[in-house]
Amino acid sequence: MRNTAIKVEPALRPSPATPDTTVALSAFRFPHGDAMSNRLLHLARSATPEGGTTVVVNDWPAQGSPPPAAPILPPGVRLITLTGSPQGRWGRWWWQWTRPWRMVRALRRHGLRPADLAGVCVPLNLWSLTTWLVLRTALRRPLTVDVCERHDAAQFPRGRWTPYFLRHRWASMLAARLADRVTTVSQTLGERFRAAGRPTLVVPPLVDPTEYARCDPPPTATGVRLLYAGTAGPKDLLAVVVSALLTLPPADRDRIELVVAGMTGAEAAHASDLDRRQLTEVGDRVTFLGRVPRDRVLAELSRSHLSVLVRPDAGYANAGFPSKVPESLAAGCPVLLNHTSDLHRYVVDGQEGIVLAGSTVADVRAGLRRAARLDDAGWRQLSLAAHNRATTDFDYRAWRSTVSTFVATGSAVPGGSTGSPDTGSVGSLEAGAGGVPGPSAARSDSSAN
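Given the structure is predicted, the values throughout are model-derived calculations rather than measurements.

(A) Looking closely at the packing of aromatic side chains. With the rule as written, the count across this model stands at 8 aromatic pairs. Centroid distance Trp-90 to Trp-93: 6.1 Å. Interplanar angle 75°. Geometry classified as edge-to-face. One end of the pair is Trp-90 and the other is Trp-93, both in helix α2 (residues 88–97) and 3 residues apart, which spans about a single turn. Classification of Trp-90 by relative accessible area gives exposed; the value is 66%. Judged by relative accessible area, which is 45%, Trp-93 ranks as partly exposed. Both rings, one in Trp-94 and one in Trp-97, keep their centres 5.6 Å apart while their planes meet at 35°; by these two values the pair is tilted. Here Trp-94 and its partner Trp-97 are both found in helix α2, 3 residues apart, which amounts to about one turn of the helix. You can call Trp-94 partly exposed: its relative accessible area is 41%. Site record: aromatic cluster; members linked through ring pairs are Trp-90, Trp-93, Trp-94, Trp-97 and Trp-101.

(B) Local environment of the nonpolar core. One finds Leu-25, Val-57 and Leu-258 to be the most contacted residues of the largest nonpolar core, which totals 95 residues. Looking at which element gives the most residues to this core, the answer is helix α7 (residues 238–246), with 8 residues. The residues contacting Leu-25, other than those within four sequence positions of it, are Leu-40, Val-57, Met-103, Val-120, Cys-121, Val-122, Pro-123, Leu-126 and Leu-135. Counting 22 residues, the second-largest nonpolar core is a separate cluster that includes Phe-28, Leu-43, Ala-47 and Val-203.

(C) A look at the pattern of salt bridges. What the rule picks out here adds up to 22 salt bridges. Between Arg-373 and Asp-252 there is a salt bridge, and its shortest N-O distance comes to 3.1 Å. Of this pair, Arg-373 sits in the loop between α14 (361–372) and α15 (376–394) while Asp-252 sits in helix α8 (residues 250–253), placing them 121 residues apart in sequence. The structure contains a network of salt bridges with shared partners spanning Arg-45, Asp-208, Glu-211, Asp-395 and Arg-397.

(D) Structural detail: unusual backbone geometry. The amide bond that connects Phe-30 to the next residue, Pro-31, takes the cis arrangement and shows omega of 10°. Structurally, Pro-31 is set in the loop between β2 (21–26) and α1 (35–47). At Ser-341, a residue that is not glycine, the phi angle is positive and equals roughly 50°. You can see Ser-341 is positioned in the loop between β13 (335–338) and β14 (353–356).

(E) Broad picture of the environment of Cys-215. With respect to the element layout, Cys-215 can be found in the loop between β8 (200–202) and β9 (224–229). Look at Cys-215 and you get buried, because its relative accessible area is 11%. As a C-alpha pair, Cys-215 and Leu-301 span 86 residues in sequence and 7.0 Å in three-dimensional space. Excluding residues within four positions of it along the chain, Cys-215 makes contact with Leu-301, Ser-302, Ser-304, Ala-331, Gly-332, Cys-333 and Trp-379.

(F) The arrangement of a nonpolar patch on the surface in detail. Together, Trp-90, Trp-93, Trp-94, Trp-97 and Trp-101 make up a nonpolar patch on the protein surface, roughly 650 Å² of accessible area in all. With 4 residues, the top contributor of residues to the nonpolar patch is α2.

(G) Layout of the state of the cysteines. Counted under the stated rule, the structure contains 0 disulfides. In this structure Cys-215 is not part of a disulfide, and its nearest cysteine sulfur, from Cys-333, lies 4.0 Å away.

(H) Representation of the packing of α1 against helix α16 (residues 400–409). With their axes 6 Å apart at the nearest point, α1 and α16 run at an angle of 85° to one another. The pairing of α1 with α16 is recorded here as roughly perpendicular in orientation. Residues Leu-43, Arg-45, Ser-46 and Ala-47 of α1 lie in contact with α16, whose contacting residues are Arg-400, Val-403, Ser-404 and Val-407. Tallied by class, the residues present in the contact of α1 with α16 amount to 4 nonpolar, 2 polar and 2 charged.

What counts, and where the lines are drawn
- All residue numbers here refer to positions counted from 1 along the written sequence of the relevant chain.
- The predicted nature of this model means local features are confined to residues of pLDDT at least 70 and side-chain atom pairs, given and counted, to a pLDDT of 80 or more, with totals for whole chains, interfaces and linings taken over all residues.
- Just so you know, side-chain values use all the structure's heavy atoms and leave hydrogens and water out.
- Stacked, tilted and edge-to-face are the three classes applied to pairs of Phe, Tyr and Trp rings, where Trp contributes its six-membered ring and a pair requires centres within 6.5 Å; stacked means planes under 30 degrees apart, edge-to-face means over 60, and tilted covers the rest.
- For the purposes of this entry, the term helix denotes a DSSP run of H or I that reaches at least four residues, the term strand denotes a run of E that reaches at least two, and both are numbered from the N terminus.
- Think of it in three bands: residues with accessible area under 20% of the maximum for their type are buried, residues over 50% are exposed, and the middle band is partly exposed, with areas taken using a 1.4 Å probe on protein chains only.
- Take the buried Ala, Val, Leu, Ile, Met, Phe, Trp, Tyr and Cys residues and link them wherever side-chain atoms come within 4.5 Å; each set so joined is a nonpolar core.
- Throughout, a contact is declared for two residues whenever any of their heavy atoms are within 4.5 Å.
- Whenever a carboxyl oxygen of Asp or Glu lies within 4 Å of a side-chain nitrogen of Lys or Arg, that contact is scored as a salt bridge.
- The patch calculation keeps residues exceeding 30% relative accessible area without a salt bridge and links them within 9 Å when they carry like charges or within 5 Å when they are nonpolar (Val, Leu, Ile, Met, Phe, Trp, Tyr).
- Method for areas: the Shrake-Rupley scheme with a 1.4 Å probe, in which residue coverage is limited to the protein chains shown.
- Disulfide: a pair of cysteine sulfur atoms within 2.5 Å of each other.
- Interaxial angle, 0 to 180 degrees, is taken between N-to-C directions of lines fitted to C-alpha atoms, where a helix line uses only the stretch in contact.
- For classification, angles of less than 35 degrees are called roughly parallel, those exceeding 145 degrees roughly antiparallel, those between 65 and 115 degrees roughly perpendicular, and all remaining angles oblique.
- Under the convention adopted here, Pro, Cys and the residues Ala, Val, Leu, Ile, Met, Phe, Trp and Tyr are nonpolar, Asp, Glu, Lys and Arg are charged, and Gly plus all remaining residues are polar.

Nothing here speaks to function; it is all geometry.
This is the structure in structure tokens:
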């Protein structure tokens, strides 16, 4: 096993630390390798006070491609990348077990002292007894654990005895007992940690709307273009969408084009209930792009009229929050989806998109027929509402005061409750257990009901 290599991106050499520095720990293909990287990046940015610095210590995954030589980072973000090549099963175990020490050592080498730090953010998948003990002893700063999902045993072939499932539940239990604070991605998860007595703040997936080109699809007279971006399977019901497309009247089906970014047709058939017969029948109405870079996904998003997301009404779907929804709204691309998790607070039928009655083929077919009848004026109205929702409720800047105060003091929401974008003062966040995450979301709830 090679020794750890520590790399700081050349354009962002360490500068003297200030007391408003927030540290975020990561073991992803940071900064834009996956949804977890994006989540950590914008959560850390919102946790850093205005004018402060976010330092991300990322233990780059040993498998796969090497880290980029000069990643493009937002202003105020400094990156320390750890690399190495652990060999064999025990080598990998040792590499993971020593990760907290290697991260602390990297911070010290770059001049960051405990007194410089406002707080430390740790994703749940890096949380363990060892992580807690090392960070508590070495940094002596509040530890905030970010929880984005809760798996069900039914998701795994071996059920509750699946090692990954056991590790996930063990980390959740440790967070409920040892974390100084907890941020969660949904109200469902927030309630669990509030019940355990942890100061808890619900923060949905955040974005930087300025990074997204506004949607500019072709005129609806030429057809309606839908985009699904991701990896379908039990969580995302792509097969239901294709089946619904097949059952549309020919006049409606000929107006719909579905683009799938993230998997090939063969991969989709293997990972979901989608079969090759359906792919043959649907013909050129569905295009599979395979795995494509993030820039290509954003380009496809900017050319789409609607993004599509259909999920089952299941425990894991309600505990999580699909990050692709805020990303689509940030581009001004309305969404066609069914309500799971906290989506009812942010997406109202006929405003930010088309809301399905459920996740069945009949429900999706009804939504697709509405999409096929969209005209340019109606789409522009949806697009404007979608972008406004993103800037109001998902822009990390709107959450900065709330999240930075919570990470540093734990007092943003007394007793732990639902968070909201900044409304001028922390005191405005005193909501009950069923609190609404923002003034615009409150309008959404009343409209949806």
